[in-house]
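Per-entry structural report
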Amino acid sequence: MSITEHNALLHASNAAGFTGEDKQTDAIGEGLAAVAYALLDVAAAIREQTEAQQR
């Protein structure tokens, strides 16, 4: 598991743990962080694939 995948799962887990209306902003922030880390992982995979194809 990559570090970005680990971070995405961690933030998604944190987001799922928030309850109540006052914690909604925190949950949204954690969810957005999870998405950002997942996108970083996808970008890294695309970069690696592109570099491999250019060789």
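Details of the structure are given in the entry above.
Residues numbered from 1 in each chain as written. Predicted model: local features only at pLDDT ≥ 70, side-chain atom pairs only at ≥ 80, totals over all residues. Heavy atoms only, no water.

We now examine the overall build of the chain. Scanning the chain from N- to C-terminus turns up two helices and zero strands. Against the globule reference of 10 Å for 55 residues, the chain gives a C-alpha radius of gyration of 15 Å, more extended than a compact globule. Overall size of the chain, expressed as C-alpha extent along the three principal axes, is 50 × 15 × 10 Å. When burial is assessed residue by residue, the chain has 18% of its 55 residues classed as buried. Within the structure as shown, the chain displays about 4200 Å² of accessible surface, and the carbon and sulfur contribution to it stands at 57%. (Helix = DSSP H or I, 4+ residues; strand = E, 2+ residues; numbered from the N terminus. Rg over C-alpha atoms; globule rule 2.2 N^0.38 Å. Buried < 20%, exposed > 50% of the residue type's maximum accessible area, 1.4 Å probe, protein only. Areas by Shrake-Rupley, 256 points an atom, 1.4 Å probe, with all protein chains shown as cover.)

Attention now moves to helix H2 (residues 24–54). Across its 31 residues, H2 extends 45 Å between first and last C-alpha, which sits within 8% of the 45 Å expected from 1.5 Å per residue. Where H2 is concerned, the buried positions are Ala27, Glu30, Ala33, Ala34 and Ala44. Structurally, H2 contributes buried residues whose contacts are with helix H1 (3–17). (Expected span 1.5 Å × (residues − 1). Contact = heavy atoms within 4.5 Å.)

Turning our eyes to something else, we now look at the side chain of Glu30. Mapped onto the elements, Glu30 comes out in helix H2. Within the buried core, Glu30 has no salt-bridge partner, and the shortest N-O distance to an opposite charge, that of Lys23, equals 10 Å. Only 2.5 Å separates the side chain of Glu30 from the side chain of His11, close enough to count as a polar contact. (Lys, Arg positive; Asp, Glu negative; His and termini not counted. Salt bridge = Lys/Arg side-chain N within 4 Å of Asp/Glu carboxyl O. Polar contact = N/O pair within 3.5 Å; in protein donor to acceptor, adjacent residues only side chain to side chain.)

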